[in-house]
Amino acid sequence: MSDTVPQAAAGTVPESGRETGPDEPREQGEPPEHDPAAPAPLAVPRVPTGDAEVDALLDRLADADHLATDGHVEVYEDVHRGLRDALTALDARPGPPAPPVPYRHRS
């Protein structure tokens, strides 16, 4: 048997007689607790498209990294709406005129 006393775990009562919480500093050498409920970045790489409007919308996806899951919907819908508008604008832009149809003589 050992005469040493194991160190108190976070959330237990240490020798000071006071319970420690998750926001309080820990003793040195103690690893930080992992909170699975906390928002975690998805770390999805975003490659620039070359279109400033589209790139700004894709960068907006990073806002979801700092939100709880229920806040993601608003960001995704906003980005989706912006991308849809950008695609619609491509259809509305006038392009070069269509080449003339050659005259086919029928006799």
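Described in the following lines is the structure provided in the data block.

Definitions and cut-offs
Residues numbered from 1 in each chain as written. Predicted model: local features only at pLDDT ≥ 70, side-chain atom pairs only at ≥ 80, totals over all residues. Heavy atoms only, no water. Axes fitted to C-alpha atoms, helices over the stretch in contact; angles between N-to-C directions. Helix = DSSP H or I, 4+ residues; strand = E, 2+ residues; numbered from the N terminus. Parallel < 35°, antiparallel > 145°, perpendicular 65-115°, else oblique. Left-handed = near helix turned anticlockwise from the far one by under 90°. Contact = heavy atoms within 4.5 Å. Nonpolar A, V, L, I, M, F, W, Y, C, P; charged D, E, K, R; others polar. Expected span 1.5 Å × (residues − 1). Buried < 20%, exposed > 50% of the residue type's maximum accessible area, 1.4 Å probe, protein only. Arc of directions from axis to C-beta. Polar contact = N/O pair within 3.5 Å; in protein donor to acceptor, adjacent residues only side chain to side chain. Salt bridge = Lys/Arg side-chain N within 4 Å of Asp/Glu carboxyl O.

## Here we look at the packing of helix H1 (residues 52-60) against helix H2 (residues 72-92)
Piece 1. Across the interface, H1 lies against H2 with an axial gap of 9 Å and an inter-helix angle of 170°. Taken together, the axis directions place H1 and H2 in an arrangement best described as roughly antiparallel. At the point where H1 passes H2, the crossing takes the left-handed sense. Contact residues: H1 offers Glu 53, Val 54, Leu 57, Leu 58 and Arg 60, while H2 offers Val 75, Asp 78, Val 79, Gly 82, Leu 83 and Ala 86.
Piece 2. Among the residues making up the contact of H1 with H2, the classes are represented as seven nonpolar, one polar and three charged.

## Remarks on H2
Piece 1. For H2, with 21 residues, the first-to-last C-alpha span of 30 Å sits near the 30 Å given by 1.5 Å per residue.
Piece 2. Contacts made by the buried residues of H2 are with H1.

## A word on H1
Count 3.6 residues to each turn of an α-helix, and residues three or four apart come out pointing the same way.
Piece 1. Restricting attention to buried positions, one finds in H1 the residues Val 54, Asp 55 and Leu 57. One side of H1 holds all its buried residues, which, seen down the axis, span an arc of 160°.
Piece 2. Elements that come into contact with the buried residues of H1 comprise H2.
Piece 3. The opening residue of H1, the one whose side-chain oxygen lies 3.0 Å from the backbone nitrogen of Glu 53, is Asp 51.

## Some details on the pattern of salt bridges
Where charged atoms of side chains with opposite charge meet at close range, the side chains can pair.
Piece 1. Inspection of the entire model under this criterion finds four salt bridges.
Piece 2. In this structure, Arg 60 engages Asp 78 in a salt bridge whose closest nitrogen and oxygen atoms are separated by 2.6 Å. Linking Arg 60 in helix H1 with Asp 78 in helix H2, this pair joins segments that are 18 residues apart in sequence.
Piece 3. A salt bridge links Arg 81 to Asp 78; its shortest N-O distance comes to 3.5 Å. You can see Arg 81 and its partner Asp 78 sitting in helix H2, three residues apart, about one turn around the helix.

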